[in-house]
Amino acid sequence: SGTYTNIKVEKVGEKKNVTLIQLNRPKALNALCDGLIKDLNHALDEAEADSTIGAVVLTGSERAFAAGADIKEMQAMENFSAVYNSDFSLSWNRITNCKKPVLAAVNGFALGGGCELAMMCDIIYAGEKAQFGQPEITLGTIPGAGGTQRLTHAIGKSKAMEMILTGNRMSAQEAEKAGLVSKVFPPDQLVSEAVKTAEKMASFSKTIVTICKECVNASYNMTLTEGLHLEKRFFHATFSTHDRQEGMTAFVEKRAPDFKDC
Ligand code: CO8
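A quick note: this is a predicted structure, and the numbers were derived from the prediction, not measured.

Please clarify how the overall build of the protein chain should be interpreted in this entry.
Broken down by element type, the protein chain carries 12 helices and 10 strands. What you see for the protein chain is a C-alpha radius of gyration of 19 Å, in line with the 18 Å of a compact globule of 262 residues. Referenced to the eigenvectors of the C-alpha coordinate spread, the extents of the protein chain come out at roughly 60 × 45 × 40 Å. Counting across all 262 residues of the protein chain, residues that qualify as buried make up 42%. Sequence-distant contacts, at least 24 apart, represent 66% of the contacts inside the protein chain between residues at least 6 apart. Across the protein chain, the centroid of the 29 positively charged side chains sits 3 Å from that of the 31 negatively charged ones.

Okay, structure coming up:
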C-alpha cells in the first residue's frame, strides 16, 4: 500500500484480497479537497491493477464518511471559468468505472459530495448513526457530482426533491427503507461487515464480477431494450470463459470452483 496524506490504505480480509480505503482528514470531517480526490484516485488505480485484490471498501471515520466537497477550496473560486477550467470534478467517475466492486461503509455524515461519493459506489452499507444529505442549496449551489441524478434513481423523485430542495438529512434507517442503503449495522461492526461482503465478491471470478458491474451500471444509460441486449451478449460471452465452464462443472461435480479470472 502506498503512503498518502488524506487517506489510509490497507489490504484486509482473511486472504488479504480486499483493499480498505479510509478517508482520513479528521479536522475537516473528511471534506473532499483536491488532494484527497487525487489520493483516492491513485489508491483505486493501485487496487484495480493489483491482481490479488477482488474488491474495495471505502469508509471514513465514525463521525464522518465525508462532509462534502471542501467548501474552503470552493469559496475561493471566483466564477464559472475558475471552476470549469479546474479539474475539480473531472476525476469523480473513477469509482463507477473501477473494474472491481467498491462498497461504501458510511458512518456519520455523508453530505453533499460525500453523499455523492457514496452513491458512486456499487453498494452502500450504513452505520446506525449515518446521515445522508445534499445541503448544497444552503450554500447557494446545487449538487455537482451526481446528486440530482443518482439520488433520484435511488430513492425516487419526491424524496430526492425534498432532500435537494430543503437540504434536510436522511437517517440510516430511512435511507435503508428508501433503498439508498442496502444494510444498516451498529457503527463498530460496519467496516468488518462490509469487508465480509467484499471478501465474498472477491471470491468469484474477477472477469465475471466486472461484467456484472458493467451491466448493472449500463442500466443507468440505456433504454430497457438496449440494456437487455447488452446483458444477453455479455451472458453469451461468459460461455467462452474458463470460469463459466469451471463454475458449472464444479456444480455438477459437487465441488468448490477454482476460478482463474479468465
Ligand atoms: N468543507 C470544508 N470544511 C469542512 C466541511 C466542508 N464540506 N465540513 C466541515 N468542515 C470543517 C469545518 O469547517 C470545521 O473546521 P474548523 O474547525 O477549522 O472550523 C470542521 O470541519 C468541523 O466541522 P464543524 O465544526 O462544522 O462540525 P459540526 O459537528 O458542528 O457540524 C456538519 C458538522 C453539520 C457536517 C457541518 O460541518 C457542516 O454543515 N458541514 C458542511 C456540510 C456541507 O454543506 N456539505 C456540502 C458541501 S457542497 C458540496 O459538497 C458540493 C458537491 C459538488 C461536488 C462537485 C465536485 C466535482
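Just checking my understanding: could you explain the sheet that holds strand β6 (residues 109-111) for this structure?
Consider a sheet: its strands pair through backbone hydrogen bonds, and that pairing is either parallel or antiparallel. If you walk across this open sheet you meet the four strands as β4-β6-β8-β9, and the pairing is mixed. Whereas interior strands pair on both sides, the edge strands pair on one side only; in this sheet they are β4 (64-66) and β9 (170-171). The sheet contact formed by β6 and strand β8 (residues 131-133) spans three bridges and is parallel. Across the sheet, Ala 110 pairs through a bridge with Phe 132, a residue of β8.

Please explain helix α1 (residues 34-49) as it appears in this structure.
Helical geometry note: an α-helix holds 3.6 residues per turn, so side chains three or four residues apart project in the same direction. In a regular helix each residue adds 1.5 Å, so 16 residues correspond to 22 Å; α1 covers 23 Å between its end C-alpha atoms and thus fits that length. On its buried face, α1 sits against β1 (7-12), β2 (18-23), β3 (55-59), α4 (94-97), β5 (102-106) and α5 (113-120).

I keep staring at the pattern of salt bridges and nothing clicks. Help me out?
If charged atoms from side chains of opposite charge come close, those side chains can pair. Applying the stated rule across the entire model yields 11 salt bridges. For Arg 94, the salt bridge is made with Glu 48, and the minimal N-O distance between the two is 2.9 Å. Taken together, the residues Arg 94 in helix α4 and Glu 48 in helix α1 connect sequence positions 46 residues apart. With a relative accessible area of 15%, Arg 94 lands in the buried category. Judged by its relative accessible area of 25%, Glu 48 is partly exposed. A salt bridge links Glu 193 to Lys 196; the shortest N-O distance between them is 3.2 Å. Separated by three residues within a single helix, Glu 193 and Lys 196 lie in helix α9 (residues 190-202), roughly one turn from each other. Via salt bridges that share partners, Asp 45, Glu 48 and Arg 94 belong to a single interconnected network.

How should I be thinking about the state of the cysteines in this particular structure?
Here is the idea: a disulfide is a covalent bond, and it sits between the sulfur atoms of two cysteines. Under the definition given, this model contains zero disulfides. Not engaged in a disulfide, the cysteine Cys 121 finds its nearest cysteine sulfur in Cys 98; these two sulfurs lie 9.6 Å apart. We classify Cys 121 as buried; its relative accessible area is 8%.

When you look at unusual backbone geometry in this model, what are you seeing that I'm missing?
For Leu 29, which is not glycine, the phi torsion reads 50° and is therefore positive. With respect to the element layout, Leu 29 can be found in the loop between β2 and α1. Residue Asn 30 is not a glycine yet carries a positive backbone phi of 60°. By relative accessible area, which is 2% here, Asn 30 ends up buried.

Which parts of the structure should I look at to understand the packing of α5 against helix α6 (residues 147-155)?
Angle between the axes and distance between the axes: these two values describe a pair of packed helices. The interhelical angle for the contact between α5 and α6, taken along N-to-C directions, is 55°, at an axis separation of 10 Å. Taken together, the axes of α5 and α6 lie oblique to each other. The crossing of α5 and α6 is left-handed. Listed contacts from α6 to Glu 116, Met 119 and Met 120 of α5 are Gly 147, Arg 150 and Leu 151. In terms of residue class, the contact of α5 with α6 is made up of three nonpolar, one polar and two charged.

Rules of the game
- Residues numbered from 1 in each chain as written.
- Predicted model: local features only at pLDDT ≥ 70, side-chain atom pairs only at ≥ 80, totals over all residues.
- Heavy atoms only, no water.
- Helix = DSSP H or I, 4+ residues; strand = E, 2+ residues; numbered from the N terminus.
- Rg over C-alpha atoms; globule rule 2.2 N^0.38 Å.
- Buried < 20%, exposed > 50% of the residue type's maximum accessible area, 1.4 Å probe, protein only.
- Contact = heavy atoms within 4.5 Å.
- Lys, Arg positive; Asp, Glu negative; His and termini not counted.
- Charge placed at Lys NZ, Arg CZ, Asp CG, Glu CD.
- Pairing = 2+ DSSP bridges.
- Expected span 1.5 Å × (residues − 1).
- Salt bridge = Lys/Arg side-chain N within 4 Å of Asp/Glu carboxyl O.
- Disulfide = S-S within 2.5 Å.
- Axes fitted to C-alpha atoms, helices over the stretch in contact; angles between N-to-C directions.
- Parallel < 35°, antiparallel > 145°, perpendicular 65-115°, else oblique.
- Left-handed = near helix turned anticlockwise from the far one by under 90°.
- Nonpolar A, V, L, I, M, F, W, Y, C, P; charged D, E, K, R; others polar.

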